[in-house]
Amino acid sequence: DTGFAFLPSAFVASMEEAEKAVICMFSQAEDPRIRKQASDFCDSLRQQDGGWRLACTLFLHSKVLEVRFWSLQALHEVVLHRYAALTPPDCAELRAFLVSLVTEQVPKAEFPAFIVNKIAQLYAALMRNEYPETWPEAATSVLGALNSGLAVVDMFLRILDAIDADIVNAEFHRSPADSAVSMRVKDALREQCIPDIVSACFTILESYHASHPALGKTCLGVLAKYIPWIDIGLVMNDKFVPAFYTLLAREDMLVEAAGCLTEMVLKKMEPAPKVLHLRNLVNKEMLEGALRARQTDPDSAALVSLAALVASICKELLVAGEKLSGRAEEAGAGGLLEEMMPLLLSCASSDQDGVANETMDFLTAYVNMLKRASRVAPEQTAQLGPILGVLQLKLTYPAEFDFENSGEAEEQFVEFRKDLSVLLKNIARISPGTVVSFVQGAIGAVLSRLWEPQTTFGEVECVLTMLYELGEIIRLDEASQNPEVSMAAALAMVMSSGIGQYPHHTVQRAYLEIAHRYAKFLQMQQQHIPGVLTCFVRVVTSGDKLVRAKACYNFIKVLRAIRAHLAVHVSGLMDALLPHLNTTGGDMEHQERL
């Protein structure tokens, strides 16, 4: 006994036929032609005027899951595309059916997830059409049934998720009408029952996070989607905030809890209230503890979520601080940002690319802010050294990089290095001395252990690349307060070190690129010319084919630049090069001989 009036006996025969047709349509064992006929028959039932009643009846009376799913699909299509053709009594009956299904049938039946998700999607679609004008109790009906058991609690969360996905989320808005519907539904929920919905979510978290963690995860996911448009005071309180931070310690809920905190951080506000909001929200000690606990976690999703949270805090403080420039509140934003920077930089230094990538937008924004500033404060300049340390780490080629058969991962890394090089050069524009000092120190550290087994080619190539990139920004003869810390001093370290003999083509290429870019330095300090020429000859005659062609090009450019100082070296160069010009064998390409 369903209690509904739309079960006329005339439908009984067609109901049985429909059930058989749906079963046949879903059966992979049936002949394709028979399945096609069954599908056409089901489509005809769905299109007829009373098809929605048949779908309701089928769902209630059939025990076959495929039949129930088809029934929900048929109802969903009616609600989406043919709802205007229904009479007001029809609409009222359909609403009554759906409310009964959610509040009475769901608690008694153990529907699988794909059925429950379809019910939630159908409920949201009907709300899109009728809430709040015709169906003001759409949300409160489900709220009132939450004491009916876990199944209704699960259904409630799925409906909230479907409302976000199908109505509220701007990513799915295809027209101004979609935006208008979203605004109508959000306004009605805010006015009617959003506080009750949020309160119910806290009760669910409190009651089920330990005994039914899947419900807790779903609840957190729903809250993260609603926080951007509800009153922030509903979650910015002594109930939710401690709960979110506590759940960062839960391996199974960290990602979702961090997502809620991130949405709270990103909540749109005027700059002064935003700084106060972040000061009250951010718990640096608990964030540090969560990051420390996950450092060795092989699943990077947790660290990525925490990095996104930390980066969001820093970015929002940066933006607010710029907007508050010259006002008393600016110091509050800057002070909290300075406190958070070590956490941000620890995330940026992670060897997990996904974690580090979450921080790069902030680092770029921070450096760009300093470029725009009329004055860079000492505490801001002090942050540049650690940022340069991150850049050095991230510019370094991984040991597994495949130079000969580069794929998507290698292409992405090359593009990433380009972005990092831009960041390096922007820092050099802000504080040339800081960058030169850092790069010179990095070169010295690498040279001190150049031939030790644990020194990787990536480390060596990285410091050379950083020195090379600085040539676009800092002039070789630029004055330095300390002559021992200068571009000339850094180049002298490289040219006199024998680093060009390092047995990896990336290091050789970087060294020869430096020789080309800084050929003027060789004119000024001619004692380095023999070592540079020896390296060029070795690479162009017997070096790796991946670097040899470019080495030939650079060799010609360098020879032209230092031609006034070549006389004493001509004999040795000819002795080294002629044997390779007189032979047609070997590994050297014809173009390279030319």
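Residues numbered from 1 in each chain as written. Predicted model: local features only at pLDDT ≥ 70, side-chain atom pairs only at ≥ 80, totals over all residues. Heavy atoms only, no water.

Asks: Which residues make up the overall build of the protein chain, and what are the values?
Replies: Helix and strand content of the protein chain: 29 helices and 0 strands. Its C-alpha atoms give the protein chain a radius of gyration of 34 Å, clearly above 25 Å, the size a compact globule of 594 residues would have. Expressed as a percentage of its 594 residues, the buried residues of the protein chain come to 47%. The average position of the 53 basic charges and that of the 72 acidic charges among the side chains of the protein chain differ by 5 Å. (Helix = DSSP H or I, 4+ residues; strand = E, 2+ residues; numbered from the N terminus. Rg over C-alpha atoms; globule rule 2.2 N^0.38 Å. Buried < 20%, exposed > 50% of the residue type's maximum accessible area, 1.4 Å probe, protein only. Lys, Arg positive; Asp, Glu negative; His and termini not counted. Charge placed at Lys NZ, Arg CZ, Asp CG, Glu CD.)

Asks: Residues and numbers for the pattern of salt bridges, please.
Replies: By the definition in use, this model includes 25 salt bridges. Arg 33 is paired through a salt bridge with Asp 31; the nearest N and O atoms lie 3.3 Å apart. The class for Arg 33 is exposed, based on a relative accessible area of 63%. Residue Asp 31 is classed as partly exposed on the basis of its relative accessible area, which comes to 33%. As a salt-bridge pair, Glu 472 and Lys 425 come within 3.1 Å of each other at their nearest N and O atoms. Of the two residues, Glu 472 is situated in the loop between α22 (457-470) and α23 (487-495) and Lys 425 in helix α20 (residues 408-430); the sequence distance between them amounts to 47 residues. (Salt bridge = Lys/Arg side-chain N within 4 Å of Asp/Glu carboxyl O.)

Asks: If you had to explain a nonpolar patch on the surface to someone new, which residues and values would you point to?
Replies: A cluster of nonpolar side chains, namely Val 570, Met 574, Leu 578 and Leu 581, defines an oily patch on the protein surface of about 330 Å² accessible area. Here Leu 581 is to be found in helix α28 (residues 570-581). Judged by its relative accessible area of 47%, Leu 581 falls in the partly exposed class. (Patch = residues over 30% accessible without salt bridge, like charges linked within 9 Å, V, L, I, M, F, W, Y side chains within 5 Å. Areas by Shrake-Rupley, 256 points an atom, 1.4 Å probe, with all protein chains shown as cover.)

Asks: Residue-level account of the confidence of the model for the protein chain, with values.
Replies: Here the protein chain shows a mean pLDDT of 90. Residues at 70 or above account for 94%. Looking over the protein chain, one finds the lowest element-wise mean pLDDT in helix α29 (residues 590-593), namely 54, and the highest in helix α13 (residues 254-265), namely 98. (pLDDT = per-residue confidence, 0-100.)

Asks: How would you explain the side chain of Asn 426 if you had to name every residue and give the values?
Replies: Within the secondary structure, Asn 426 is located in helix α20. Using a relative accessible area of 8% as the deciding quantity, one classes Asn 426 as buried. Within the local environment of Asn 426, its side chain forms a polar contact with the side chain of Lys 371, the two groups lying 3.2 Å apart. In this structure, Asn 426 is in contact with Val 367, Asn 368 and Lys 371, ignoring residues within four places of it in sequence. (Polar contact = N/O pair within 3.5 Å; in protein donor to acceptor, adjacent residues only side chain to side chain. Contact = heavy atoms within 4.5 Å.)

Asks: A description of the packing of aromatic side chains should follow, citing residues and the corresponding values.
Replies: The full count for this structure, using the stated rule, is 16 aromatic pairs. Residues Phe 59 and Phe 111 carry aromatic rings whose centres are separated by 5.6 Å and whose planes lie at 50° to one another, so their mutual orientation is tilted. Of the two residues, Phe 59 sits in helix α3 (residues 51-61) while Phe 111 sits in the loop between α5 (88-108) and α6 (113-130), which places them 52 residues apart along the sequence. The same class applies to Phe 59 as to Phe 111, namely buried. Over the face of the ring belonging to Phe 59 we find Arg 68, whose NZ or CZ atom lies 5.3 Å from the ring centre. The lysine or arginine in question, Arg 517, covers the ring of Tyr 468, its NZ or CZ lying 3.8 Å from the ring centre. (Phe/Tyr/Trp six-rings, centres within 6.5 Å; stacked < 30°, edge-to-face > 60°. Lys NZ or Arg CZ within 6 Å of the ring centre and 35° of its normal.)

Asks: Lay out the side chain of Ser 431 in plain terms, naming residues and giving numbers.
Replies: Take Ser 431: it is sitting in the loop between α20 and α21 (432-447). Within the local environment of Ser 431, its side chain forms a polar contact with the side chain of Thr 434, the two groups lying 2.5 Å apart. Every residue in contact with Ser 431, bar those within four places of it in the chain, is listed here: Thr 381 and Leu 384.

Asks: Describe in detail the state of the cysteines, supporting the description with residues and values.
Replies: The full count for this structure, using the stated rule, is 0 disulfides. Of the cysteine sulfurs around Cys 91, a residue in no disulfide, the closest is that of Cys 56, at 12 Å. In this structure Cys 535 is a free cysteine whose sulfur lies 13 Å from that of Cys 552, the closest cysteine sulfur available. (Disulfide = S-S within 2.5 Å.)

Asks: Explain the packing of α6 against helix α9 (residues 176-192) residue by residue, including any values.
Replies: Think of two packed helices as two axes; the pair is described by the angle between the axes and how far apart they sit. The geometry of α6 relative to α9 is characterised by a closest axis approach of 9 Å and an angle of 95° between their N-to-C directions. Taken together, α6 and α9 sit at an angle that is classed as roughly perpendicular. Of the residues in α9, those touching α6 at Met 127, Arg 128, Asn 129 and Glu 130 are Asp 178, Val 181 and Arg 184. Of the residues assigned to the contact of α6 with α9, the class counts are 2 nonpolar, 1 polar and 4 charged. (Axes fitted to C-alpha atoms, helices over the stretch in contact; angles between N-to-C directions. Parallel < 35°, antiparallel > 145°, perpendicular 65-115°, else oblique. Nonpolar A, V, L, I, M, F, W, Y, C, P; charged D, E, K, R; others polar.)

Asks: I'd like to hear about the environment of Lys 36, residue by residue, with values.
Replies: Its place among the elements puts Lys 36 in helix α2 (residues 32-47). The exposure class of Lys 36 is partly exposed, given its relative accessible area of 49%. When the C-alpha atoms of Lys 36 and Ile 230 are compared, they prove to be 48 Å apart, with 194 residues separating the residues in sequence.

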